[in-house]
Amino acid sequence: MWTRPAWDDYFMEIAYQVARRSTCLRRQVGAVLVKDKEMLTTGYNGAPAGLPHCIDVGCIREEKGVPSGQRHELCRGLHAEQNTIIQAASHGVNIRGATLYSSHQPCSLCAKMLINAGITRIVYAGDYPDPMASELLAAAGVEMVKKS
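Residues numbered from 1 in each chain as written. Predicted model: local features only at pLDDT ≥ 70, side-chain atom pairs only at ≥ 80, totals over all residues. Heavy atoms only, no water.

1. Description of the overall build of the protein chain
Each helix and strand in the protein chain was counted, giving six helices and five strands. The linear arrangement of helices and strands in the protein chain, starting from the amino end, is α-β-β-α-α-α-β-α-β-α-β. Its C-alpha atoms give the protein chain a radius of gyration of 15 Å, near enough to 15 Å, the size a compact globule of 148 residues would have. A total of 148 residues make up the protein chain; the buried ones form 46% of that total. Long-range pairs, those at least 24 residues apart, make up 54% of the contacts in the protein chain between residues at least 6 apart in sequence. For the protein chain, the computed accessible surface area is about 8,200 Å², with 53% contributed by carbon and sulfur atoms. For the protein chain, the distance from the average position of its 16 positive side-chain charges to the average position of its 14 negative side-chain charges is 2 Å. (Helix = DSSP H or I, 4+ residues; strand = E, 2+ residues; numbered from the N terminus. Rg over C-alpha atoms; globule rule 2.2 N^0.38 Å. Buried < 20%, exposed > 50% of the residue type's maximum accessible area, 1.4 Å probe, protein only. Contact = heavy atoms within 4.5 Å. Areas by Shrake-Rupley, 256 points an atom, 1.4 Å probe, with all protein chains shown as cover. Lys, Arg positive; Asp, Glu negative; His and termini not counted. Charge placed at Lys NZ, Arg CZ, Asp CG, Glu CD.)

So this is what it looks like as structure tokens:
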């Protein structure tokens, strides 16, 4: 007899599946926005649509020796969280009050976007070396749940 997964576990498993589409050479991240137990959008980290992916042309940050969590402006890719928000905007989907399920904790850039988008809860697994993100999300009252 199989065990039916809890909602958080179910949506986290989907976030991990989405991460498999990532084209980042450093970290594969997947994210899912959910509201009222319904998936709204998904996103993974990779180059903007129509541009070459890092798996094809290499990683600028790796070539320059940039540590994880620093100098995001040097990356050609978008973060998974950014892509979930962009997908919602492209399709006119209201994400205010939604929960983000992500394979990794958001960075400070994504945290600011998620706050302004009205995301109220974030469930994540992997850590990300950006303490400012946690500070911003806490100050905004966004609930953070770490899943192992």
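2. Concerning the pattern of salt bridges
Enumeration according to the criterion identifies six salt bridges in this entry. Glutamate 143 is the partner of arginine 121 in a salt bridge, and the nearest nitrogen-oxygen pair spans 3.6 Å. A residue pair is termed long-range when its members are at least 10 positions apart, and arginine 121 in strand β4 (residues 121-126) and glutamate 143 in strand β5 (residues 143-146) qualify at 22 residues. Note that aspartate 127 is salt-bridged to lysine 146, the shortest N-O span being 2.9 Å. Taken together, the residues span a long stretch of sequence, with aspartate 127 in the loop between β4 and α6 (131-139) and lysine 146 in strand β5 at a distance of 19 residues. Through salt bridges with shared partners, a single ionic network connects Asp8, Arg121 and Glu143. (Salt bridge = Lys/Arg side-chain N within 4 Å of Asp/Glu carboxyl O.)

3. Let's talk about the nonpolar core
Leu33, Ile95, Leu100, Leu114, Ile119 and Ile122 are the most contacted members of the largest nonpolar core, which totals 18 residues. Listed by contribution, the elements that provide at least two residues to this core are β1 (30-35), α4 (80-91), α5 (108-117), β4 and α6. The contact partners of leucine 100, leaving out residues within four places of it in the chain, are Ala31, Val32, Leu33, Glu81, Thr84, Pro106, Leu114, Ile119, Arg121, Ile122 and Val123. (Core = buried A, V, L, I, M, F, W, Y, C linked by side-chain atoms within 4.5 Å.)

4. Some thoughts on the packing of aromatic side chains
Counting across every chain of the model gives four aromatic pairs. Summarising the aromatic geometry, the rings of tryptophan 7 and tyrosine 10 are spaced 5.8 Å apart at their centres and angled 80° between planes, so their arrangement reads as edge-to-face. With tryptophan 7 and tyrosine 10 both in helix α1 (residues 7-19), this residue pair falls three residues apart, about one helical turn. Judged by relative accessible area, tyrosine 10 falls into the partly exposed class, the value being 36%. Geometrically, the ring pair formed by tyrosine 10 and phenylalanine 11 is edge-to-face, given 4.9 Å between the ring centres and 65° between the ring planes. Residue classification places phenylalanine 11 among the buried positions, given a relative accessible area of 2%. (Phe/Tyr/Trp six-rings, centres within 6.5 Å; stacked < 30°, edge-to-face > 60°.)

5. Considering the pairing of β4
Working note: regular strand, side chains alternate between the two faces of the sheet. In terms of residue burial, β4 counts as a mostly covered element, since six of its six residues are buried. Sheet analysis places strand β3 (residues 99-104) next to β4, joined by five bridges and oriented parallel. Following the sheet pairing, tyrosine 101 is matched in β4 by valine 123. The parallel pair β3 and β4, bridged by α5, forms a crossover whose chirality is right-handed. In this sheet, β5 lies alongside β4 in parallel orientation, the contact comprising four bridges. When the sheet's bridge partners are listed, isoleucine 122 is paired in β5 with methionine 144. Read as a crossover between parallel neighbours, the route from β4 over α6 to β5 is right-handed. (Pairing = 2+ DSSP bridges. Right-handed = clockwise from strand over helix to strand, strands pointing away.)

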